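Structural characterization, general
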Amino acid sequence: MKYTLEEIAKRINGKLSGPPDLVIEGINTPELAGEDEICVVFDENLISAAENGSAGAVVIKDELSVAKPYITVEDPRSVLPTLLKLFLEKRELAGIHSTVITGANCNISNNCYIGPYVVIGDNVKIGEKVNIMAGARIGSNVVVGEETFIGYNVVIEDRSIIGKRVKIQHGAIIGKEGFGFQKRGDTYIRIPHLGNVVIEDDVEIGANSVVDRSTLGSTIIKRGSKIDSLVLVAHNVRIGEDTVIAGQTGIAGSCLIGNRCMFGGQVGVADHIKIGDNTVIFAQSGVAGDVPPNSVISGTPARPHREWLRAQALLLRLPKILRRLGLKDVSDDDQ
Amino acid sequence: MKYTLEEIAKRINGKLSGPPDLVIEGINTPELAGEDEICVVFDENLISAAENGSAGAVVIKDELSVAKPYITVEDPRSVLPTLLKLFLEKRELAGIHSTVITGANCNISNNCYIGPYVVIGDNVKIGEKVNIMAGARIGSNVVVGEETFIGYNVVIEDRSIIGKRVKIQHGAIIGKEGFGFQKRGDTYIRIPHLGNVVIEDDVEIGANSVVDRSTLGSTIIKRGSKIDSLVLVAHNVRIGEDTVIAGQTGIAGSCLIGNRCMFGGQVGVADHIKIGDNTVIFAQSGVAGDVPPNSVISGTPARPHREWLRAQALLLRLPKILRRLGLKDVSDDDQ
Amino acid sequence: MKYTLEEIAKRINGKLSGPPDLVIEGINTPELAGEDEICVVFDENLISAAENGSAGAVVIKDELSVAKPYITVEDPRSVLPTLLKLFLEKRELAGIHSTVITGANCNISNNCYIGPYVVIGDNVKIGEKVNIMAGARIGSNVVVGEETFIGYNVVIEDRSIIGKRVKIQHGAIIGKEGFGFQKRGDTYIRIPHLGNVVIEDDVEIGANSVVDRSTLGSTIIKRGSKIDSLVLVAHNVRIGEDTVIAGQTGIAGSCLIGNRCMFGGQVGVADHIKIGDNTVIFAQSGVAGDVPPNSVISGTPARPHREWLRAQALLLRLPKILRRLGLKDVSDDDQ
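Note that the structure is predicted; figures quoted are calculated from it, not measured.

Reading the values: the criteria
Residues numbered from 1 in each chain as written. Chains lettered and ligands numbered in written order. Predicted model: local features only at pLDDT ≥ 70, side-chain atom pairs only at ≥ 80, totals over all residues. Heavy atoms only, no water. Salt bridge = Lys/Arg side-chain N within 4 Å of Asp/Glu carboxyl O. Helix = DSSP H or I, 4+ residues; strand = E, 2+ residues; numbered from the N terminus. Buried < 20%, exposed > 50% of the residue type's maximum accessible area, 1.4 Å probe, protein only. Pairing = 2+ DSSP bridges. Expected span 1.5 Å × (residues − 1). Least-squares fit on C-alpha atoms with pLDDT ≥ 70 in both. Contact = heavy atoms within 4.5 Å. Polar contact = N/O pair within 3.5 Å; in protein donor to acceptor, adjacent residues only side chain to side chain. Nonpolar A, V, L, I, M, F, W, Y, C, P; charged D, E, K, R; others polar. Domains from an automatic or database assignment. Patch = residues over 30% accessible without salt bridge, like charges linked within 9 Å, V, L, I, M, F, W, Y side chains within 5 Å. Areas by Shrake-Rupley, 256 points an atom, 1.4 Å probe, with all protein chains shown as cover. Lys, Arg positive; Asp, Glu negative; His and termini not counted. Charge placed at Lys NZ, Arg CZ, Asp CG, Glu CD. Buried area = accessible area lost by both parts, 1.4 Å probe.

1. Points about the pattern of salt bridges
Residue and element names in this part refer to chain A. Counted by the stated rule, this structure contains 30 salt bridges over all chains. Across the salt bridge formed by R165 and D202, the nearest N and O atoms sit 2.8 Å from each other. Of this pair, R165 sits in the loop between strand 19 (161-162) and strand 20 (167-168) while D202 is found in the loop between strand 24 (196-199) and strand 25 (204-205), placing the two residues 37 residues apart along the sequence. A residue is classified by how much of its surface remains accessible, and R165, at 37% relative accessible area, is partly exposed.

2. Let's talk about the sheet that holds strand 4 (residues 26-27) of chain A
The strands making up a sheet are joined through hydrogen bonds of the backbone, oriented either antiparallel or parallel. Residue and element names in this part refer to chain A. Spatially, 2-7-6-5-4 is the arrangement adopted by the five strands of the open sheet, whose pairing is mixed. The open sheet terminates on both sides in strands that have one partner only, identified here as strand 2 (15-17) and strand 4. Pairing geometry for strand 2 and strand 7 (residues 70-73), over three bridges, is antiparallel. Its bridge partner lying in strand 7, K15 is registered against T72.

3. Observations regarding helix 3 (residues 76-87) of chain A
Between the first and last C-alpha of helix 3 of chain A there are 17 Å, a value that for twelve residues agrees with the 16 Å anticipated at 1.5 Å per step. Three or more residues of helix 3 of chain A are buried, namely P76, V79, L80, P81, L83, L84, L86 and F87 of chain A.

4. Side note on the relation of the copies chain C and chain A
Superposing chain C onto chain A takes a rotation of 120° combined with a translation of 0.0 Å along the rotation axis, leaving an RMSD of 0.1 Å. On the angle and the small slide along the axis, the relation comes out as a three-fold axis.

5. Brief notes about the interface of chain B and chain C
If you look at the interface, chain B gives 62 residues, while chain C gives 60 residues. Note that E204 of chain C and R190 of chain B form a salt bridge whose closest N and O atoms lie 2.9 Å from each other. Put simply, chain B and chain C have 22 residue pairs in polar contact (both at pLDDT 80 or more) between them. Of all the secondary structure elements, the ones that give two or more residues to the side of chain B that touches chain C are strand 21 (173-177), strand 22 (181-184), strand 23 (187-190) and helix 4 (305-324) of chain B. Of the residues belonging to the side of chain B that touches chain C, the class tally is 25 nonpolar, 23 polar and 14 charged.

6. Looking at the domain arrangement of chain A
Domain annotation of chain A identifies domain 1 (3-87) and domain 2 (154-301). Summarising the inter-unit geometry, the C-alpha centres of domain 1 of chain A and domain 2 of chain A are found 40 Å apart.

7. Focus: a negative patch on the surface
A grouping of D62, E63, E74 and D75 of chain A is seen on the molecular surface, where their side chains present a negatively charged patch. Structurally, the position occupied by E63 of chain A is in the loop between strand 6 (57-61) and strand 7.

8. A few points about the interface of chain C and chain A
On the side of chain A, 60 residues touch chain C, which itself brings 60 residues to the contact. For the chain C and chain A pair, buried surface summed over both sides reaches about 5,000 Å², with 62% attributable to carbon and sulfur atoms. In this structure, the connection of chain C to chain A is made through three salt bridges. For K167 of chain A, the salt bridge goes to E177 of chain C, with nearest N and O atoms at 2.6 Å. Between chain C and chain A we count 22 residue pairs in polar contact (both at pLDDT 80 or more) in total. Within the residue set of the side of chain C that touches chain A, elements represented by two or more residues are strand 21 (173-177), strand 22 (181-184), strand 23 (187-190) and helix 4 (305-324) of chain C. At eleven residues, the largest contribution of residues to the side of chain C that touches chain A is made by helix 4 of chain C. For the side of chain C that touches chain A, the class distribution of residues is 24 nonpolar, 22 polar and 14 charged.

Here it is in structure tokens:
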């Protein structure tokens, strides 16, 4: 892809200082950008990197300047997605590969891409412009909304309902039966799972993540939520809108997670927990009780973040404090 | 599937109050059940949900009643698996798909289902009524017992021995070589793994979980144990009978885990640890030493659960306690 | 495979005490080894196990002896990889299966093995003696160095560069777009990821692990590093040489990890953290700040290991300490 500097300035509503006809063929970091590439400088400290590097042009903040052709914008960070999209080489995938195996009574839009060795069950509806990569497995009675992306080797189990513009990254598993057993004496009997998974519009599910289907009713991930890789969402969970969950987090059965929450990585949430809207949970926290809206929590068991920080700081200073209290050799006594 | 209320009452040994000929076509939650569906009420608080909803019939505890056709049983929760099974629509899968690739000298029972694009090595024995879903990869010299389920895209490496009625959920990897290296100067040399994995009868392995094969001998998961998704079981580990391990737990090399243990999610166990029978380990614990039978432990490093709870509670109250001891502004001093 | 005891002694530079012509057909543990197998005894405690078992021959430390044919070496542990390799039955895989689908303009060496149902994009270069197992998916513009192993159902995204003698274990995902979004009001816009993943020579990536591609430039894993299963390496991360990372660890975006570090399992590292060379991080630690070289750290937030150990020990003794200070019933007050 090629653009003149003038075209680029227009696309990001920026002010151009430099030759409007300069041709730019890519985007890169200030350090790596070449003469035909543009780079974006987020803060003043990186201006020199851009100047010393080979970049053909630079995007910087209003009121700054650089000894190269440049475009100024109010907030360079905010134009980055637009700029990256300009130079994204999108392979236009098309057609349904001859090796795709489809069950009875499916309804697949003409302009989908379905890659080699994909297997699809019965009664499946696939909307317009859906991309399904090689090796994906889709069960029966599944609905996939338009413009949704289903990565390589993804598994989508029977009765799942997937919205529009959803991204299910490679290897993710949607709709596996929940981890539910009933104890009989010392052994366990499996509880059948008749429910399904509903993933609403604009959701993203990360690579190799697992979303279990519910016992009855639906495991639901609502509009706009973004879930990272290797995350486990157990049966009967409901996750609200625009909630972001970082990698390797696990949410146990029947939790109700609010809207606009943010989970750090490796968080664990015990079963049947309710977490209110706008909650922020720091990485590696273990949530063992309900959380009111607008909370900021951390630690295991999770508590208000400031309280946890204070406790951790105190803990480290304890040896000193105890010495001050006249306990000379605390670390060695009592053992 | 359709049953009369009388048939359902018989199947769950319940007492019917209502029209025996009423036809029920499904099961659902008290809130979601429709007129042709039955629901189960676990406790009195949910009776009103069942009454206000549209459910055609209700299962409740002995001595309770509800203003609808109902069936009473001693313990509603315990009949749930039976009820769910009644309404489980089991796709009867049959036949070996024409795209299945099989090596030399395999012995596959006639009444198995093997889905599209499955690849099987040499000298593999597959028992009766085994289901192998599309895209599974099975190495050479593997044995799979009768009625076992192998999910989509599962990998089972050479020499694995899988028992009867085992469930290996989608994307799980059984028998990958263990993570074993030997240091030579600053670099690492791979230790070859000649062992295998043995999974006994009635075990379940969750989606995208990984069970490594041993260096020599076998990594063993014994009868009836249930392992959730995204769990890592390293080389040379032995897990006892009827042990339950929740999601994202990791068990390092050569651990010996007892019978009837219960692991919460995201537990970590260091290598070469012995954990006695009937041990309960709370979620996110880190087990760094041997654990006697019948222990209840939590925290990192894991210790008796009550001790850990007490320590956590004290930690949170420390600021107050220290103020009482005359240390006025503890959180700011010493920094 | 069969070797005489004399041949085996030569291969491990050992001194033989026993019949040189004795034929050994396998290797096993001291407990499990049969009459035609050899075993290795690491320490004196296991000599009796070897003597009481059926092993045909034993490898032991210099100056020790055993009442069976044996070979002595300076360090029995260090010869284990060599011995195991002698008896490793390496299926010699060869040929490109007729079901492999390859894009335009690929350059695949003649002596590769590519298994059934592998799908490869355009402009892919695959070096000599590469093994690609069934069901792997390789994007476009990918380079794979000689003697590299790509496991079953592995996904390698567009533009990835994989070195020589790399092992990518089953189900791993290399080059998925990073988990990067920009907030606009309450919703999130995806940041396109134009970068790639570079994996240098002799690296190992574990089963079902995920390595994200960078926004711009490359996510890099340098020569000789070994990464276990279910690990998440986020976008723009750089991992140095000969670093070992145990299972279920997560490294957030843009971290710079040094050479020769060792990570325990389930470690979490926050984004943009720098970790110096030779750092040791204990299992389950949470690293929230930069770490100087040669550190040994643990806990969340991670701090010097000895300091953390001391704090944990103090915490457990606090009830006793506070009683000594005259606070009789600390665990119940203030609540």
